[in-house]
Amino acid sequence: MAAYINRTIGFGDSLVTPRSPLSDEQISSPLQVFGQAKKQINKIFVDVQDYVADASERMIDVNKLCPDVINENELKSMLDYRSKVKGICEVLTRDHMKVAFFGRTSNGKSTVVNAMLGEKVLPSGIGHTTNCFLQVEGSQTGEAYLVTEGSNEKQNVESVTHLAHALNYEKQLNEKELVHVYWPKDKCSLLRDDVALVDSPGVDVTPHLDDWIDAHCIDADVFVLVANAESTLMVTEKNFFHKVSTKLSKPNIFILNNRWDASANEPEFLDQVRKQHMERATDFLVKELKVCTPEEAVSRVFFISAKEVLQARVKERSGFPLNSGALADGFGARYLEFEDFERKFEECISKSAIKTKFLNHSQQGKHLVKEMLKIMETIHNRSQEQTHLKMCQKKEFQEKLNFIEQQLISITNQMKMKIHQMVDDVEDKVSKALNDEIRRLSVLVDEFNLPFHPEALVLNVYKKELHSHVEAGLGSNLRARLSTALAMNIDQSQREMIDKMSTLLPEDKRNINVTNPKREPFEVLYRLHCDNLCGDFHEQLEFKFSWGLSKLVTRVSSLANWSRNQSRVLIVNIFGCF
Ligand SMILES: Nc1nc2c(ncn2[C@@H]2O[C@H](COP(=O)(O)OP(=O)(O)OP(=O)(O)O)[C@@H](O)[C@H]2O)c(=O)[nH]1
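Residues numbered from 1 in each chain as written. Predicted model: local features only at pLDDT ≥ 70, side-chain atom pairs only at ≥ 80, totals over all residues. Heavy atoms only, no water.

Caption draft 1: Structural context of the overall build of the protein chain. Within the protein chain, the regular secondary structure consists of 16 helices and 11 strands. Buried positions account for 42% of the 578 residues belonging to the protein chain. Partitioning the intrachain contacts of the protein chain with sequence separation of at least 6 by distance along the chain shows that 77% fall at a separation of at least 24. Of the roughly 32300 Å² of accessible surface on the protein chain, 53% is carried by carbon and sulfur atoms. (Helix = DSSP H or I, 4+ residues; strand = E, 2+ residues; numbered from the N terminus. Buried < 20%, exposed > 50% of the residue type's maximum accessible area, 1.4 Å probe, protein only. Contact = heavy atoms within 4.5 Å. Areas by Shrake-Rupley, 256 points an atom, 1.4 Å probe, with all protein chains shown as cover.)

Here's what the structure looks like:
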């Protein structure tokens, strides 16, 4: 809260005047500094949250593509971290610092809360006015409203009278219940800094102190005991804080001796009474509760007049001088002491929140980031190894591929040679066989036994039949002599080719069934065209050919050449697939 620095108060009752505003840096109160740090922590966590969300999305994708690089456990951990960081972010934005006010009825708890807020927010008055727990916190919307426990209904509150009426209207409220009062943040810097102030019913009006502590005190950062400076600390008040300190280790407790304005009536006893109260209060904190050292205790006990401070701040807002809120002599000193309390309170609540909430979150965040870094480094190293391995494999495959390509070129050349050899071989074989058959042509002619007639028409038919007979006989003889040998030759060559090609395959693939591209039986077809060959023969009816036998052999030899060319075409076609 900046107000305590933003003014100078003279100790003469008429010298209370506001000072000119200071720079932003100078007016920074412990809470504002803390608020800035909190904002930065939030920002860091939002960055971490974005990073984790982005990283886990990428990890999901990579895990689908390459489970070798990111395993399921790493993915699970990352998703786990993502939800943890999200949880911390939510808690950080929601977390506020909480201060709870306790004391006997009419000691002025509500008045202290109002004085700190700088305006009359909570109802106060003579007698038991607060009948349940009231938590005042900043409203996000800028409206003032209240929400009762277990309900989401927002009840608009325009003024303190309105609030008192609304609270009275809720007849069913009991002392243990918590009513949230949302007040516009711009009206009070404490609320802007995310401090929630909890007012309670008087500790003397209930036997259920344990329930109160469990329900409302466990998460309080600071406790303020509002005591009455006109009397000593009562057993009920002490009793309550004894119970608190058994449930919380070293709670932060402030003791406000309120109504100190009344002491102005007896100035001669002022110091003595103050000393007495101070001794009792510090003994209570140091010796009984053991929550602080004697040095710390003196900065936890204050002598204030909440009513004066509240009046002064309300008047100041309406344009009156601050000291117009004074109830008695010594207002300036009491006002300064109230501001001193506010400053110490802000330091304490900031430190406490750092220790109890933000330190824990920050350490948790640090731990999560470290763990994530470890996982990311492991993944990075693994992916580097995999990249190296794959590069080596690629190189190896490339070399193999180059080797196979070379081998394929070499085998193809060998096969071409082989085919040429086969063609030459077939040519020789066909040529030899045809020569033999031509020499034995007379046997075929002798076998032709169609009755002969010299008449021209019959003679033509006779010649045609003779040609067909010679052609068929010659073809069938050649087939009988050559087909098997040629087929075996081709089969063997094909097997050789398959064997050579198999050596290029990986061992486990060598057993695959290589389909012979030409499985149908090999057959040599001979077309001799005897009609054309013998077209210029002139028969002699005395059965003499106009050409001699040697002429016929020469003529048929040209047939052998034709046949050689045909066999070449045929063999090239058979191996065409290579
Ligand atoms: N003279 C004087 N009167 C005060 C001071 N603080 C509070 N009062 C008055 O004491 C009465 C009770 O004050 P509250 O703030 O309602 O007290 P409380 O402790 O909240 O009371 P409950 O809500 O009933 O527990 C009111 O009339 C206040 O005006 C103070 O510092 N000086």
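Read on, since the account is not over.
Caption draft 2: Structural detail: the sheet that holds strand E7 (residues 178-184). One open sheet accounts for nine strands, arranged E6-E5-E7-E4-E8-E3-E9-E10-E11; its pairing is mixed. Since the sheet does not close on itself, it has two edges, and those belong to strand E6 (155-156) and strand E11 (301-303), each with one partner. Relative to strand E8 (residues 195-199), strand E4 (residues 133-139) runs antiparallel, the two being bridged by three bridges. Looking across to E8, one finds that Val136 is bridged to Leu197. Most of the contacts of helix H7 (residues 209-217) go to strand E3 (residues 97-102), to which it runs at about 155 degrees, and overall it touches E3, E4, E7 and strand E9 (222-228). (Pairing = 2+ DSSP bridges. Axes fitted to C-alpha atoms, helices over the stretch in contact; angles between N-to-C directions.)

Caption draft 3: Looking closely at the nonpolar core. Counting residues in each nonpolar core, the largest one holds 66 residues, and the members touching the most others are Leu197 and Phe345. Looking at this core, the element that brings in the most residues is helix H12 (residues 331-439), giving 13 residues. Once residues lying within four places of it in the same chain are set aside, the contact partners of Phe345 are Val99, Met116, Leu190, Val195, Val222 and Phe254. Membership of the second largest hydrophobic core comes to 34 residues, among which are Phe102, Leu178, Phe223 and Phe240. (Core = buried A, V, L, I, M, F, W, Y, C linked by side-chain atoms within 4.5 Å.)

Caption draft 4: Structural view of the pattern of salt bridges. Counting across every chain of the model gives 28 salt bridges. With a closest N to O distance of 3.6 Å, Lys287 and Asp283 form a salt bridge. Of the two residues, Lys287 and Asp283 both sit in helix H9 (residues 270-288), four residues apart, roughly one turn of that helix. For Lys287, a relative accessible area of 57% corresponds to the exposed category. Looking at Asp283, the relative accessible area reads 35%, which means it is partly exposed. Measuring nitrogen to oxygen at the nearest pair gives 3.5 Å for the salt bridge that ties Arg343 to Glu347. Taken as a pair, Arg343 and Glu347 lie in helix H12 at a separation of four residues, close to a single helical turn. (Salt bridge = Lys/Arg side-chain N within 4 Å of Asp/Glu carboxyl O.)

Caption draft 5: The arrangement of the environment of Ile218 in detail. Looking at the element boundaries, Ile218 is found in the loop between H7 and E9. Look at Ile218 and you get partly exposed, because its relative accessible area is 44%. Separated by 26 residues in sequence, Ile218 and Val244 have C-alpha atoms that sit 8.6 Å apart. When neighbours within four sequence positions are excluded, Ile218 is seen to be in contact with Ile213 and Leu248.

Caption draft 6: Seen up close, the side chain of Lys38. Locating Lys38 in the fold gives a position in helix H2 (residues 30-65). Accessibility expressed as a relative area gives 6% for Lys38, which makes it buried. Setting aside residues up to four positions removed in sequence, Lys38 forms contacts with Leu92, Asp95, Asp194 and Phe358.

Caption draft 7: Summary view of the environment of Gly330. For Gly330, the location among the structural elements is in the loop between helix H11 (306-317) and H12. Residue Gly330 is classed as partly exposed on the basis of its relative accessible area of 26%. Once the C-alpha coordinates of Gly330 and Asp261 are considered, the two residues, 69 residues apart in sequence, prove to be 7.6 Å apart.

Caption draft 8: Spotlight on the packing of H12 against helix H14 (residues 456-502). At a minimum axis separation of 10 Å, H12 and H14 run at an interaxial angle of 165 degrees. If you check the angle between H12 and H14, you find them roughly antiparallel. Here the hand of the crossing between H12 and H14 comes out right-handed. Counted by class, the contact of H12 with H14 contains 16 nonpolar, four polar and eight charged residues. (Parallel < 35°, antiparallel > 145°, perpendicular 65-115°, else oblique. Left-handed = near helix turned anticlockwise from the far one by under 90°. Nonpolar A, V, L, I, M, F, W, Y, C, P; charged D, E, K, R; others polar.)

Caption draft 9: A look at unusual backbone geometry. Notably, Ser106 is not glycine yet its phi reads approximately 65 degrees, a positive angle. Mapping Ser106 onto the fold places it in the loop between E3 and helix H4 (109-117). Even without a glycine there, the phi angle at Arg259 is positive, about 65 degrees. Relative to the helices and strands, Arg259 resides in the loop between strand E10 (253-258) and H9. For Arg259, a relative accessible area of 35% translates into the label partly exposed.

Caption draft 10: The confidence of the model for the protein chain, seen in detail. On average, the protein chain scores 81 in pLDDT, and the residues at 70 or more come to 80%. In the model, residues 1-27 has pLDDT below 50 throughout and makes 62 contacts with residues more than four positions away in sequence or in other chains. With pLDDT under 50 throughout, residues 567-578 is counted as low confidence; its partners more than four residues away or in other chains account for 25 contacts. ipTM for the predicted complex: 0.99, alongside a pTM of 0.63. (pLDDT = per-residue confidence, 0-100.)

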